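# Structural overview
What follows is each chain in one-letter form.
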Amino acid sequence: MTENGKVWLVTGASSGFGRAIAEAAVAAGDTVVGTARRTEALADLVAAHPDRVEAIGLDITDGGRIDVVAADTKPSDSPKPPTPAEPTKPGEPGDEPDCTVD
(Lines give C-alpha, C1' and ligand atoms only; values in the text may rest on other atoms or scores of the structure.)
Protein backbone atom coordinates (compact mmCIF):
# COMPACT_ATOMS: atom_id res chain seq x y z
CA MET A 1 0.00 0.00 0.00
CA THR A 2 2.74 2.46 0.80
CA GLU A 3 6.43 2.83 0.16
CA ASN A 4 6.96 5.54 2.78
CA GLY A 5 5.29 6.29 6.06
CA LYS A 6 3.69 4.03 8.58
CA VAL A 7 1.00 1.39 8.26
CA TRP A 8 -1.65 1.52 10.97
CA LEU A 9 -3.93 -1.36 11.94
CA VAL A 10 -6.85 0.46 13.55
CA THR A 11 -9.60 -1.54 15.20
CA GLY A 12 -13.00 0.09 15.50
CA ALA A 13 -12.13 2.47 12.66
CA SER A 14 -15.76 3.12 11.76
CA SER A 15 -16.47 5.54 14.62
CA GLY A 16 -15.22 7.26 17.76
CA PHE A 17 -11.54 7.16 18.65
CA GLY A 18 -10.80 4.53 16.02
CA ARG A 19 -12.23 6.73 13.26
CA ALA A 20 -10.36 9.78 14.57
CA ILE A 21 -7.07 7.86 14.66
CA ALA A 22 -7.64 6.49 11.14
CA GLU A 23 -8.40 9.96 9.77
CA ALA A 24 -5.36 11.49 11.50
CA ALA A 25 -3.06 8.75 10.17
CA VAL A 26 -4.30 9.27 6.60
CA ALA A 27 -3.96 13.05 6.98
CA ALA A 28 -0.33 12.49 8.05
CA GLY A 29 0.30 10.56 4.82
CA ASP A 30 0.28 7.11 6.40
CA THR A 31 -1.63 3.99 5.33
CA VAL A 32 -4.55 2.61 7.34
CA VAL A 33 -5.92 -0.89 7.54
CA GLY A 34 -9.16 -0.19 9.35
CA THR A 35 -11.28 -2.88 10.91
CA ALA A 36 -14.97 -2.66 11.70
CA ARG A 37 -17.89 -4.98 12.19
CA ARG A 38 -19.63 -3.11 9.37
CA THR A 39 -17.09 -2.12 6.71
CA GLU A 40 -19.67 -0.03 4.84
CA ALA A 41 -19.16 2.57 7.59
CA LEU A 42 -15.63 3.05 6.21
CA ALA A 43 -16.70 3.35 2.56
CA ASP A 44 -16.29 7.14 2.49
CA LEU A 45 -12.74 6.98 3.86
CA VAL A 46 -11.78 4.21 1.42
CA ALA A 47 -13.33 6.15 -1.49
CA ALA A 48 -11.43 9.32 -0.53
CA HIS A 49 -8.10 7.49 -0.15
CA PRO A 50 -8.29 4.21 -2.09
CA ASP A 51 -4.52 3.85 -2.25
CA ARG A 52 -4.03 4.36 1.51
CA VAL A 53 -7.10 2.92 3.26
CA GLU A 54 -8.33 -0.66 3.34
CA ALA A 55 -11.44 -1.76 5.25
CA ILE A 56 -11.56 -5.24 6.75
CA GLY A 57 -14.51 -6.84 8.51
CA LEU A 58 -13.63 -7.82 12.06
CA ASP A 59 -15.49 -8.44 15.28
CA ILE A 60 -12.84 -8.23 18.00
CA THR A 61 -14.63 -10.84 20.08
CA ASP A 62 -13.69 -13.44 17.41
CA GLY A 63 -10.15 -14.43 18.47
CA GLY A 64 -9.53 -16.66 15.46
CA ARG A 65 -10.43 -13.87 13.06
CA ILE A 66 -8.11 -11.46 14.90
CA ASP A 67 -5.19 -13.83 14.29
CA VAL A 68 -6.02 -14.06 10.58
CA VAL A 69 -6.36 -10.29 10.13
CA ALA A 70 -3.15 -9.57 12.05
CA ALA A 71 -1.21 -12.15 10.03
CA ASP A 72 -2.59 -10.79 6.74
CA THR A 73 -1.71 -7.18 7.54
CA LYS A 74 1.83 -7.81 8.81
CA PRO A 75 4.34 -7.12 6.03
CA SER A 76 6.41 -10.22 5.33
CA ASP A 77 9.59 -8.17 5.13
CA SER A 78 8.96 -6.15 8.27
CA PRO A 79 12.09 -5.29 10.23
CA LYS A 80 12.73 -6.62 13.70
CA PRO A 81 11.38 -4.19 16.30
CA PRO A 82 14.06 -2.05 17.93
CA THR A 83 15.31 -3.00 21.36
CA PRO A 84 14.07 -0.49 23.94
CA ALA A 85 16.70 1.80 25.42
CA GLU A 86 17.78 1.09 28.95
CA PRO A 87 15.65 3.17 31.32
CA THR A 88 17.21 6.02 33.23
CA LYS A 89 17.85 5.18 36.85
CA PRO A 90 16.36 7.58 39.41
CA GLY A 91 18.83 10.15 40.64
CA GLU A 92 20.88 10.37 37.46
CA PRO A 93 21.56 13.85 36.12
CA GLY A 94 19.02 14.98 33.55
CA ASP A 95 16.05 12.96 34.80
CA GLU A 96 14.44 15.76 36.77
CA PRO A 97 11.86 17.86 34.88
CA ASP A 98 12.35 21.57 34.26
CA CYS A 99 9.63 23.16 36.38
CA THR A 100 10.84 26.76 36.42
CA VAL A 101 8.14 29.41 36.42
CA ASP A 102 8.86 32.79 34.89
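This is a predicted model, so every value here is computed, not measured. (Residues numbered from 1 in each chain as written. Predicted model: local features only at pLDDT ≥ 70, side-chain atom pairs only at ≥ 80, totals over all residues. Heavy atoms only, no water.)

So, on to the pattern of salt bridges. Across all of its chains, the model carries three salt bridges by this definition. A salt bridge links Glu23 to Arg19, with the nearest nitrogen and oxygen atoms 2.7 Å apart. Taken together, the residues span about one helical turn, with Glu23 and Arg19 both in helix α1 (residues 16–27) at a distance of four residues. Judged by its relative accessible area of 13%, Arg19 is buried. One salt-bridge network, in which partners are shared between bridges, spans Arg19, Glu23 and Asp44. (Salt bridge = Lys/Arg side-chain N within 4 Å of Asp/Glu carboxyl O. Helix = DSSP H or I, 4+ residues; strand = E, 2+ residues; numbered from the N terminus. Buried < 20%, exposed > 50% of the residue type's maximum accessible area, 1.4 Å probe, protein only.)

Another aspect to go through is the sheet that holds strand β1 (residues 7–10). In spatial order, the strands read β1-β2-β3; together these three strands make up an open sheet with parallel pairing. Single-partner strands in this sheet number two, and they are β1 and β3 (53–57). Sheet twist, expressed as the mean angle between neighbouring strand axes with direction ignored, is 15°. The pairing of strand β2 (residues 31–36) with β3 spans five bridges and is classified as parallel. Across the sheet, residue Val33 finds its bridge partner in β3, namely Glu54. Sheet strands in contact with α1 are β1, β2 and β3, and its direction is about 170° off that of β1. On the sheet, helix α3 (residues 63–73) packs against β1, β2 and β3 and is oriented at approximately 160° with respect to β3. (Pairing = 2+ DSSP bridges. Axes fitted to C-alpha atoms, helices over the stretch in contact; angles between N-to-C directions. Contact = heavy atoms within 4.5 Å.)

Scope: geometric values only; no functional claims are made or implied.
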